[in-house]
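What the coordinates show
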Amino acid sequence: MHEHLLQPIEIGPRTLRNRIFISAHVPGFADQGAPGKRYISYHRQRAAAGVAMQITGGTAVHRSGLLTTAPSALVNLDDTIIPGYQSLSDAVHNEGGTMLAQLAHSAGTLSAELLGQPSWAPSPVRSALTGNVPHEMSSAEISEIIDAFVAASSRVRAGGLDGIELLSAFGFLPHAFLSPLNNRRTDGYGGSLRNRMRFLLELIEACRHAIGDNQILGIRIPGSDMVPGGLEVADMQTVAQALESTGQVDYLNVIAYNNSLRFGRALHWPATPARHELFTELSGQIKAVVNMPVLVAGRITHPDQAEAVIANGQADMVAMTRAHITDPEIVRKIAEDRADDIRPCVGANTCIRARFQGRPVRCMHNPYVINRYTDQTPSSSNSLPLVTVVGAGPAGLEASLTAAQRGYPVRLLERSHECGGQLRLWSRVESQKELAAIIDWRIRQLDKLGIQPEFNQTVTADQLLSIDDGIIVMATGAEAVPDTIPGDGSVAQTTPAELLNDPSMFTGRVLIRDQGRGLSALCAAEALAAQGNHVIVVTDEPAVGLDLDLTVRVPAYDRLLNNGVEFLPNHTVAAFEQGAVKLQHVFTEQETMLASINVLVDDHIIHPRDELIKALADSDRVVRSVGDCIAPRTVEAAIHEAAQAIVQLAQA
């Protein structure tokens, strides 16, 4: 079924075991800038499951182009990284994998803000993303950077890795030289496309000499800058042919966009509902003009998608990077004809958000990113106690699944007619449909284990106390309650959950109060706007959906603002008066009246459903509470807590 995907491929001097690779990304597990135990465990796990090739995250080679100053990311500035490379190489090779190091210089896209060390770039062009204005490199500094790449390449070779990938995308240094958006030079490194290619061509020649012919040298390139005035696909076809003609490059890895632009960083890591395989047209156009292998990334999350990309000739290998954060066993499950068991990546970009916040990579619905909660081997005991789970939202489903996988008998009780809780409501909105897979995958896995949720169950404390033996897991979630706002009652109030249950109940001119700072208010706005309502979102924060990361917020703003939704940040809801809502500016205290408001959707107060927890507090029952019934938080927190609670019980 996936015969193209599982075929081996020659990449330079190496034969790779299939067509699936993990592209460069920074999981945040490095130890003082070098691969440590957690970093190595992360890559070993994925190699053991059959990934053909893995690439370290972008690794700075010079202090003028640091990606970050955090010790959780790799840096290749001196020989201290070599022992870590050696341990990483041994771990991946022992599992039959191939490991490359991506070498990088961030140019003007980022600023490490090191005193006495500005960032260097081809030209002093301000980054729209960060506001950074880099130093324009001299000829001597260009040579210094090439020497730094050479030294870093030699360390990769000394560390026993299989080669390097040079990052010439995202506005990083080689890309910055290539792109007219970043390169305004008038010397031999600027002007014509041939001149703008000069830095990259010199870099390739120097790095190939450093690593030798028996290692892989790949280049990550943009298929296009995707904006007027930037590199177009025809330009990049010319670049690709020039790179191939050197005879020194083993593959091209195609992506898109330019991080020095306002939205480039958000769009090259596309969150749902961005379409899948969205850069394969670009990779196909590059592949059409070269004979070397072409690789591609970009929302390829399911093996059927990956198979089609290879079969259609759009690329020779596909990256399934975020998908392997969600499920590191993808290749094994494909080989065992168990694709239906793959935990699906839904594009929530919790992984990206964690990295933006400087934390190790995480997943909304995989609590086992690096085997944090031990293995899932079923217990050999025949007398495990019954686990009764109350609530079939994300936390309840995860608790039930984790328990069942470990051999516990499980009973899952849900008060409504369906599983999923608030997450199910969000998934009814067009842009968030993929989130339903978090719920549906767990339902399928439970069904395979013989567990069927029991719906429309109003559970009481007496019922739970009547259970003779066993473990009770409370996953009853939380509920939104409209705030008490002064006024004459002339404006109807509801909550996002109530609205998403039946958006058609509410029409007209609607004000949404966003104090949850996440998806709830924006989902409500999308549902109402889709029905033609006039929607205004107000928040007392500086921005609507403040807690959403860049990759989720940018497309959400694009969808809503281009569909007529209005945003009013820095305002509080003060009162109702005769069908109008009085707002007050957070800083100036100036009052504004919004007339003819039919409905206020209040995403404000969230109360844990903890009545049963309190009722059982003094009993002798083994009770564990997980998720929002403890305190309202995120889907990620609920699922991780549920898994952890069951594993800790099993270990007790």
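Below, the structure is looked at part by part. Nothing here was measured: the structure is a model prediction, and the numbers come from that model.

Further remarks concern the overall build of the chain. Helix and strand counts for the chain come out as 22 helices and 27 strands. Computed over C-alpha atoms, the radius of gyration of the chain comes to 27 Å, within 12% of the 26 Å expected from 2.2 N^0.38 for 652 residues, which places it in the range of a compact globule. By its C-alpha atoms, the chain is 75 × 70 × 45 Å across when sized along the principal axes. A buried classification covers 57% of the 652 residues belonging to the chain. When contacts within the chain are restricted to residue pairs at least 6 apart in sequence, long-range pairs at least 24 apart make up 72% of them. As presented, the chain carries roughly 25,000 Å² of accessible surface, and 48% of it is formed by carbon and sulfur atoms. One finds the centroid of the 53 positive side-chain charges in the chain at a distance of 3 Å from the centroid of its 71 negative side-chain charges.

Now for the nonpolar core. Counting 116 residues, the largest nonpolar core has Leu103, Leu166, Phe199, Ile219, Leu243 and Leu252 as the members making the most contacts within it. The element that contributes the greatest number of residues to this core is helix 6 (residues 198-211), accounting for eight residues. With residues up to four places along the chain from it excluded, the contact list for Ile219 reads Glu165, Leu166, Ser168, Leu200, Ile204, Leu243, Val249, Tyr251, Leu252 and Asn253.

What follows deals with the pattern of salt bridges. Per the counting criterion, the structure on display carries 32 salt bridges. Linking Glu202 and Arg198 is a salt bridge whose minimum nitrogen-to-oxygen distance equals 3.0 Å. Taken together, the positions of Glu202 and Arg198, both in helix 6 and four residues apart, correspond to about one turn of that helix. Judged by its relative accessible area of 35%, Arg198 falls in the partly exposed class. Across the pair Arg633 and Glu641 runs a salt bridge whose closest N-O atoms are separated by 2.3 Å. Look at the salt bridges and you will find they share partners, linking Glu336, Arg338, Asp340, Asp341, Arg444 and Lys448 into a network.

Attention now moves to unusual backbone geometry. In most cases, non-glycine residues show a negative phi, while peptide bonds are predominantly trans. Here Thr272 and Pro273 are connected by a cis peptide whose omega angle stands at 15°. Here Pro273 shows up in the loop between helix 8 (264-268) and helix 9 (280-287). One non-glycine residue, Arg299, lies in the positive phi region at around 55°. Mapped onto the fold, Arg299 is located in the loop between strand 12 (294-296) and helix 10 (303-311).

A word on the environment of Ile605. Along the chain, Ile605 turns up in strand 26 (residues 605-608). Sequence separation between Ile605 and Val75 is 530 residues; the distance between their C-alpha atoms is 44 Å. The contacts of Ile605, once residues within four sequence positions are left out, are Glu479, Ala480, Val481 and Asp483.

Our focus in this paragraph is the side chain of Thr280. Residue placement: Thr280 occurs in helix 9. Once residues lying within four places of it in the same chain are set aside, the contact partners of Thr280 are Val296, Ile300, Val309 and Gln314.

On to the pairing of strand 23 (residues 580-585). Bridge count between strand 22 (residues 571-577) and strand 23: six bridges; the pairing is antiparallel. Bridged to Ala575 within strand 23 is Lys582. Hairpin connection of strand 22 to strand 23: two residues between the antiparallel strands, including Gln578 at a positive phi of 50°. Of the strand pairs in this sheet, strand 23 and strand 24 (residues 591-594) are connected by four bridges, and their pairing is antiparallel. Its bridge partner lying in strand 24, Leu583 is registered against Thr592. Joining the antiparallel neighbours strand 23 and strand 24 is a turn of five residues, in which Glu589 adopts a positive phi near 65°.

Cut-offs and rules
Sequence positions are assigned chain by chain, starting from 1 and proceeding in written order. Under the rules for a predicted model, residues below a pLDDT of 70 receive no local features and side-chain atom pairs below 80 are neither given nor counted, while totals for whole chains, interfaces and linings still include all residues. In computing side-chain properties, one takes all heavy atoms of the structure into account and sets aside hydrogens as well as water. By the criteria applied, helices consist of DSSP H or I runs no shorter than four residues and strands consist of E runs no shorter than two, each listed in order from the N terminus. The quantity called the radius of gyration is restricted to C-alpha atoms. Its globule counterpart is 2.2 Å times the number of residues to the power 0.38. Only protein chains enter the calculation, and the probe is 1.4 Å; a residue is then buried if its accessible area is under 20% of its type maximum, exposed if over 50%, and partly exposed in between. Contact criterion: two residues are considered in contact whenever any of their non-hydrogen atoms come within 4.5 Å of each other. Reported accessibility uses the Shrake-Rupley method at a 1.4 Å probe radius. Residues are deemed covered only where the shown protein chains occlude them. In this count, Lys and Arg are taken as positive residues and Asp and Glu as negative ones, while His and the chain termini are left out. Every charge is mapped onto a representative atom, which is NZ of Lys, CZ of Arg, CG of Asp or CD of Glu. Take the buried residues of types Ala, Val, Leu, Ile, Met, Phe, Trp, Tyr and Cys, join any two whose side-chain atoms come within 4.5 Å, and each joined set is a nonpolar core. The salt bridge definition used is simple: a Lys or Arg side-chain nitrogen within 4 Å of an Asp or Glu carboxyl oxygen. DSSP-based pairing: two strands are paired if at least 2 bridges between them are found.

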